[in-house]
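An overview of the molecular structure
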Amino acid sequence: MDNETSPGVAGGLAGGTGGGPPRQLRPTDVKRLNREWRRRTEGRLALLLDSVGQPFNVGSIIRTAAAFGVESVWLCGNTPDLTLPAVGKTALGTERFLSAYRTPSPVDAVKEAAEDGFRVIAVELASGAVPLFDAPLDGPICLAIGNEDHGCSPATLSAVHGVAYIPQVGRVGSLNVAVAAAVALSEARRREWAGTAD
C-alpha cells in the first residue's frame, strides 16, 4: 500500500520516516492502523454459508469475516455451529465480533438477509455469473458461499439477487472455499474504499 491509500503511513506506521527499510508494525501501531481503516468503512457486509461442511473452513471464514467487518452470518444446511470446538480452533474467538443466525433453509436465509436490507450475491461458478470485479457490490451486501464440493444449491442460486465468480487463469478449477470467501470479502471492501462500487 502507498501513502495515498494507506492511512497512517505518512505518520510512519508502515515503513518509518527517513527512508529506512520497512519494519513489522508493533501491536499498538496495528491497532491504530486498523482504527483508521474502520473510520473509512461504512458499508454493511454479511455472509450466508450454504452447507459449508468442514469446521476448519467455517472457522477460517469467520476469522476473515471478522477482519473485514462482517456484521452477520447465516448458517444454513449442514454448516456447523460456531460453538463447535473445531470451528473455534481456526476462528480463534473472532465469532464474538459478529452475529450468527441458524437458518436451515438457505432460501429462507436469503429472504431474511433481504429483509435486513442486504443484496445477496452468490459467489459461484454458474451460468449467468459475472466476474467478481463487475458484480454489483454497492450498498449492503451479503455474499453467499456454498459447499466445498457442490457449491451453492440450485435453490440458493434461484433465490439470490446475483451471481459472481472469481476469475482464475491457472490450471486448477476452483479455490478452497475459505480462500474464495476471503477474496470476495476483500473485493467488496476494496470497491468501497476505492469509491468504485457499482
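I will try to describe carefully the structure that is included in this document. (Residues numbered from 1 in each chain as written. Predicted model: local features only at pLDDT ≥ 70, side-chain atom pairs only at ≥ 80, totals over all residues. Heavy atoms only, no water.)

**Let's talk about a nonpolar patch on the surface**
A cluster of nonpolar residues, Leu175, Val179 and Val183, forms a patch on the protein surface that exposes about 200 Å² of accessible area. Secondary-structure assignment places leucine 175 in the loop between strand E7 (162–165) and helix H6 (177–194). (Patch = residues over 30% accessible without salt bridge, like charges linked within 9 Å, V, L, I, M, F, W, Y side chains within 5 Å. Areas by Shrake-Rupley, 256 points an atom, 1.4 Å probe, with all protein chains shown as cover. Salt bridge = Lys/Arg side-chain N within 4 Å of Asp/Glu carboxyl O. Helix = DSSP H or I, 4+ residues; strand = E, 2+ residues; numbered from the N terminus.)

**Overview of the environment of proline 55**
Relative to the helices and strands, proline 55 is located in helix H2 (residues 55–67). Counting along the chain gives 24 residues from proline 55 to threonine 79, while the straight-line C-alpha distance between them is 7.9 Å. Not counting residues within four places of it along the chain, the set of residues in contact with proline 55 comprises Pro80, Leu84, Ala86, Val87 and Thr90. (Contact = heavy atoms within 4.5 Å.)

**Considerations on the sheet that holds strand E4 (residues 119–123)**
Pairing within the open sheet is parallel, and its 7 strands lie in the order E3-E2-E1-E6-E4-E7-E5. Each of the sheet's edge strands pairs with one partner strand only, and the pair in question is strand E3 (99–102) and strand E5 (130–131). Examined bridge by bridge, strand E1 (residues 45–50) and strand E6 (residues 141–146) share 6 bridges and lie parallel to one another. Bridging from a neighbouring strand, alanine 46 pairs with cysteine 142 of E6. Helix H4 (residues 106–115) contacts E1, strand E2 (72–76), E4 and E6 of the sheet and is inclined by roughly 160° relative to E2. (Pairing = 2+ DSSP bridges. Axes fitted to C-alpha atoms, helices over the stretch in contact; angles between N-to-C directions.)

**Looking at the packing of H2 against H6**
At their nearest, the axes of H2 and H6 sit 8 Å apart, and the two run at 15° to each other. When the axes of H2 and H6 are compared, the pair comes out roughly parallel. Seen from above, H2 lies across H6 with right-handed handedness. Of H6, the residues touching H2 (which contributes Asn57, Ser60, Ile61, Thr64 and Ala65) are Val177, Ala178, Ala181, Ala182 and Leu185. For the contact of H2 with H6, the residue count by class is 7 nonpolar, 3 polar and no charged. (Parallel < 35°, antiparallel > 145°, perpendicular 65-115°, else oblique. Left-handed = near helix turned anticlockwise from the far one by under 90°. Nonpolar A, V, L, I, M, F, W, Y, C, P; charged D, E, K, R; others polar.)

**Points about the environment of proline 154**
Mapped onto the fold, proline 154 is located in helix H5 (residues 154–159). Its relative accessible area of 68% is what places proline 154 among the exposed residues. As for proline 154 and valine 107, which are separated by 47 residues in sequence, their C-alpha atoms are 10.0 Å apart. (Buried < 20%, exposed > 50% of the residue type's maximum accessible area, 1.4 Å probe, protein only.)

**Some details on the pattern of salt bridges**
Evaluation of the coordinates by the stated rule reveals 11 salt bridges. Where arginine 32 meets aspartate 29, a salt bridge forms, and the shortest distance between an N and an O atom there is 3.1 Å. Taken together, the residues span about one helical turn, with arginine 32 and aspartate 29 both in helix H1 (residues 27–39) at a distance of 3 residues. Arginine 32 gets classed as partly exposed once you look at its relative accessible area, which sits at 37%. The class for aspartate 29 is buried, based on a relative accessible area of 3%. A salt bridge links aspartate 138 to arginine 119; the nearest nitrogen and oxygen atoms lie 3.0 Å apart. Taken as a pair, aspartate 138 in the loop between E5 and E6 and arginine 119 in strand E4 lie far apart in primary sequence, 19 residues in all.

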